[in-house]
Amino acid sequence: MEVLILLGSKSDMDKALPCIDTLKEFGVPYTLKIASAHRTPELVDKAIKDAEANGSKVIIAMAGMAAHLPGVVASKTLIPVIGVPISNKNLDGQDALYAIVQMPSGYPVATVAIDGAKNSALLAIQIIAQNNPNLKTKLQANRDKMKAEVMRANEELGL
Ligand code: RP5
């Protein structure tokens, strides 16, 4: 599998769907696991070991609240880690954003926006695409499509 997606909880699943959909759209194989840094640290370790054994190129870790999962994962592997802060009701995801983005020097986590699951997938695909011309072509086509939509919106509104 090219990408390992880790969710801190089953309750993160809805927010993870745009990531899963995007990987499917680009035909990028992934493994999805629920593994909490606090509740099941041994499952986190196993998922990382499996990802390394399978040659995964990117790990996407999503968590809310005291969101230690992406940082813990980054501490245990040389596979690049993308962190997705998940919003919850009390602090709207700012708690998770600060927890994920403020990594100590030496252990980077590439943090996307709060609930930025789609961008986490696109960033993972861009990393993988550096050695995959077919994926690069698909990414460019996706950008061309977005550009065409903006142009069409201008035309429709006579702008
Ligand atoms: C985090 O705590 C999870 O990633 C989730 O966003 C949040 C709440 O988890 P549950 O109590 O709903 O399992 O670890």
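Scroll up to find the structure this text is about.
Below is a summary of the structure that appears in this document. Every value quoted in this text rests on a predicted model; they were computed, and no experiment measured them.

Along the backbone of the chain there are 6 helices and 5 strands. The secondary structure elements of the chain, listed N-terminal to C-terminal, are β-α-β-α-β-α-β-α-β-α-α. A globule of 159 residues ought to have a C-alpha radius of gyration of about 15 Å, and the chain, at 17 Å, matches this closely. The principal-axis extent of the C-alpha atoms belonging to the chain is close to 55 × 40 × 30 Å. A burial count over the chain gives 40% of its 159 residues as buried. Taking the contacts inside the chain whose residues are at least 6 apart along the sequence as the reference set, 67% of them involve residues at least 24 apart. When the accessible surface of the chain is split by element, carbon and sulfur atoms take 55% of a total near 9,000 Å².

An α-helical turn contains 3.6 residues, so any two residues separated by three or four positions project in the same direction. Counted at 1.5 Å a residue, the expected span for helix α2 (residues 41-53) with its 13 residues is 18 Å, and the 19 Å between its end C-alpha atoms agrees. The secondary structure elements touched by the buried residues of α2 are β1 (3-7) and α3 (69-76). Trailing α2 by a residue or two, Gly-55 shows a phi angle of about 75°, which is positive.

It is worth spelling out the pairing of strand β4 (residues 81-86) at this point. By the criterion of burial, β4 is predominantly enclosed, with 6 of the 6 residues buried. Alternating positions in β4 separate into two faces, Val-81, Gly-83 and Pro-85 on one and Ile-82, Val-84 and Ile-86 on the other, with burial throughout. The sheet contact formed by strand β3 (residues 58-64) and β4 spans 6 bridges and is parallel. Residue pairing across strands places Ile-60 opposite Ile-82, the latter belonging to β4. Read as a crossover between parallel neighbours, the route from β3 over α3 to β4 is right-handed. When β4 meets strand β5 (residues 110-111), the two strands line up parallel, connected through 2 bridges. Opposite Gly-83, over in β5, you have Thr-111 as the bridge partner. Each parallel crossover has a hand, and the one from β4 via helix α4 (residues 94-101) to β5 is right-handed.

Conventions we followed
- Residues numbered from 1 in each chain as written.
- Predicted model: local features only at pLDDT ≥ 70, side-chain atom pairs only at ≥ 80, totals over all residues.
- Heavy atoms only, no water.
- Helix = DSSP H or I, 4+ residues; strand = E, 2+ residues; numbered from the N terminus.
- Rg over C-alpha atoms; globule rule 2.2 N^0.38 Å.
- Buried < 20%, exposed > 50% of the residue type's maximum accessible area, 1.4 Å probe, protein only.
- Contact = heavy atoms within 4.5 Å.
- Areas by Shrake-Rupley, 256 points an atom, 1.4 Å probe, with all protein chains shown as cover.
- Expected span 1.5 Å × (residues − 1).
- Pairing = 2+ DSSP bridges.
- Right-handed = clockwise from strand over helix to strand, strands pointing away.

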